[in-house]
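Below are the chains, spelled out letter by letter.
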Amino acid sequence: LPAGRDSQLFIKDLHFDGVPVRIYLPREPSASKWRGVIFFHGGCGVFGSIRSHERICRYIARKSDSVVVSVGYHLAPEYKYPTQTLECLTATVHFLKTAETYGVDPARIIVCGYSAGAIYAASVCQELGNRTDIPKIRAQVLICPFLQALNFNLPSHQKNASIALLSREDTVHFILKYLNKDCSLKEPILAGSHVPESMNLKYRKWINPDLIPEVFKLDYKPPLCTSFLPQVHEEVQELFEPWISPLLAEDAVVGGLPDTCIVTCEHDVLRDDGLLYKKRLEDNNVRVTWHNVEKGFH
């Protein structure tokens with residue numbers, strides 16, 4: 001849908017410090033300041049747009065009675081990583097600083113991301129957690145989040161490897177397209193050959209099938225051991241950065257995150273990313289609300 005008339009909302013296209021955004025403001029006056037939602041759309045950083053997520057943003061604005069800002073970050077490969085994360089960060093900081101201009105309480109602003117947009121939401125919260133010059137983000141909402149690129153052999157990767165909308169192979173293919181890497185690296189990454197044993201040992205406390213509840217591990221079979229390929233590891237160093245894999249952030253960062261809502265789906269290859277992040281947050285005393293959509297897809 002284009003930005004047009006809505007019986008319940010004023011809809012405007014703006015720029016926040018050069019970043020395209022679309023803002024949805026309730027038409028009905030409020031006795032107090034509005035709540036705010038910053039929304040980052042999905043699409044693996046290479047497709048999707050403000051327009052493709054128009055309906056969900058209108059829905060959120062109406063149902064939550066909030067001002068919604070949908071961020072139209074520029075897409076890869078024309079705009080190289082980490083342009084997308086930086087633009088989401090820029091738009092968020094701008095809105096936090098100018099919220100009252102739009103009738104929004106700066107203490108009641110959340111960030112919300114779907115799929116790859118959840119990477120940006122998680123990264124923005126991690127980056128801004130210790131900032132004292134701007135209002136604190138009240139909460140983060142991560143919907144079907146992609147959160148790590150070390151292990152593509154978790155139970156949900158096996159169970160939903162060929163499920164429609166997002167397969168296991170598609171996930172890695174789009175990550176490589178996003179980072180402008182050679183897609184021939186897909187097979188060794190799927191096998192786990194891009195991760196040295198020292199790194200596997202370091203992050204096993206956070207990324208490990210043993211941390212997934214048993215109810216989600218039916219028919220799971222541990223993958224065969226594969227050889228580490230140093231040349232592949234060198235080619236994909238970005239995969240180990242928290243801006244791609246927020247699950248790898250240190251405890252000092254995770255412990256400073258706001259209240260969190262995580263939404264996972266039963267038939268989603270990324271389901272276990274959400275489950276692992278949920279545990280990490282809880283282990284660091286962050287309040288988490290979790291919804292698993294049974295029979296849901298990515």
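Residues numbered from 1 in each chain as written. Predicted model: local features only at pLDDT ≥ 70, side-chain atom pairs only at ≥ 80, totals over all residues. Heavy atoms only, no water.

**Here's the deal with unusual backbone geometry**
Residue Pro77 is bonded to the preceding Ala76 through a cis peptide linkage, with omega at 5 degrees. With respect to the helices and strands, the residue Pro77 is situated in the loop between β4 (66-71) and α2 (83-98). Residue Pro82 follows Tyr81 across a cis peptide bond; omega there is 10 degrees. Its location among the elements puts Pro82 in the loop between β4 and α2. (Helix = DSSP H or I, 4+ residues; strand = E, 2+ residues; numbered from the N terminus.)

**As for the packing of α2 against helix α3 (residues 116-128)**
Running from N to C, α2 and α3 point in directions that differ by 60 degrees, and their axes come no closer than 9 Å. When the axes of α2 and α3 are compared, the pair comes out oblique. You can see that α2 and α3 cross each other, and the crossing is right-handed. Here α2 contributes Gln84, Thr85, Cys88, Leu89, Thr92, Val93 and Leu96 to the contact with α3, which in turn contributes Tyr120, Ser123, Val124, Glu127 and Leu128. Across the contact of α2 with α3, the residue classes break down as seven nonpolar, four polar and one charged. (Axes fitted to C-alpha atoms, helices over the stretch in contact; angles between N-to-C directions. Parallel < 35°, antiparallel > 145°, perpendicular 65-115°, else oblique. Left-handed = near helix turned anticlockwise from the far one by under 90°. Contact = heavy atoms within 4.5 Å. Nonpolar A, V, L, I, M, F, W, Y, C, P; charged D, E, K, R; others polar.)

**Side note on the UniProt feature "domain: Alpha/beta hydrolase fold-3" (unreviewed entry) in the protein chain**
When the UniProt feature table is mapped to this numbering, "domain: Alpha/beta hydrolase fold-3" (unreviewed entry) covers residues 37-189 and 237-298. Annotated as 39% helix and 17% strand, the span residues 37-189 places its first and last C-alpha atoms 35 Å apart. Here residues 237-298 is 27% helix and 31% strand, with 27 Å between the C-alpha atoms at its ends. (UniProt positions renumbered as here; feature names shortened; annotations may be inferred.)

**Digging into the environment of Ala61**
The topology assignment puts Ala61 in helix α1 (residues 54-64). Through-space distance from the C-alpha of Ala61 to that of Val236 is 38 Å; in sequence the pair is 175 residues apart. For Ala61, the residues in contact, after removing those within four places along its chain, are Leu9, Tyr24, Ser66 and Val68.

**Observations concerning the side chain of Arg22**
The residue Arg22 is located in strand β2 (residues 19-26) in this model. Separated by 2.7 Å, the side chains of Arg22 and Asp13 make a polar contact. (Polar contact = N/O pair within 3.5 Å; in protein donor to acceptor, adjacent residues only side chain to side chain.)

**Considerations on empty space enclosed by the protein**
Under the counting rule described, the total for this entry stands at two cavities of 30 Å³ or more. Around the largest cavity, the lining is made up of 13 residues, and of these Cys44, Ala116, Ile119, Phe146 and Ile175 lie nearest the centre. Looking at the lining of the largest cavity, the elements that each hand over two or more residues are α3 and α5 (168-178). Per-element accounting of the lining of the largest cavity gives the leading share, four residues, to α5. Across the lining of the largest cavity, the residue classes tally to ten nonpolar, three polar and no charged. With three residues, the single largest contributor to the lining of the second largest cavity is α5. (1 Å grid on protein atoms, 1.4 Å probe; cavity = no way out; pocket = protein on both sides within 12 Å on 5 of 7 lines; lining within 4 Å. Points joined across faces, edges and corners; volume = space filled by probe spheres on them.)

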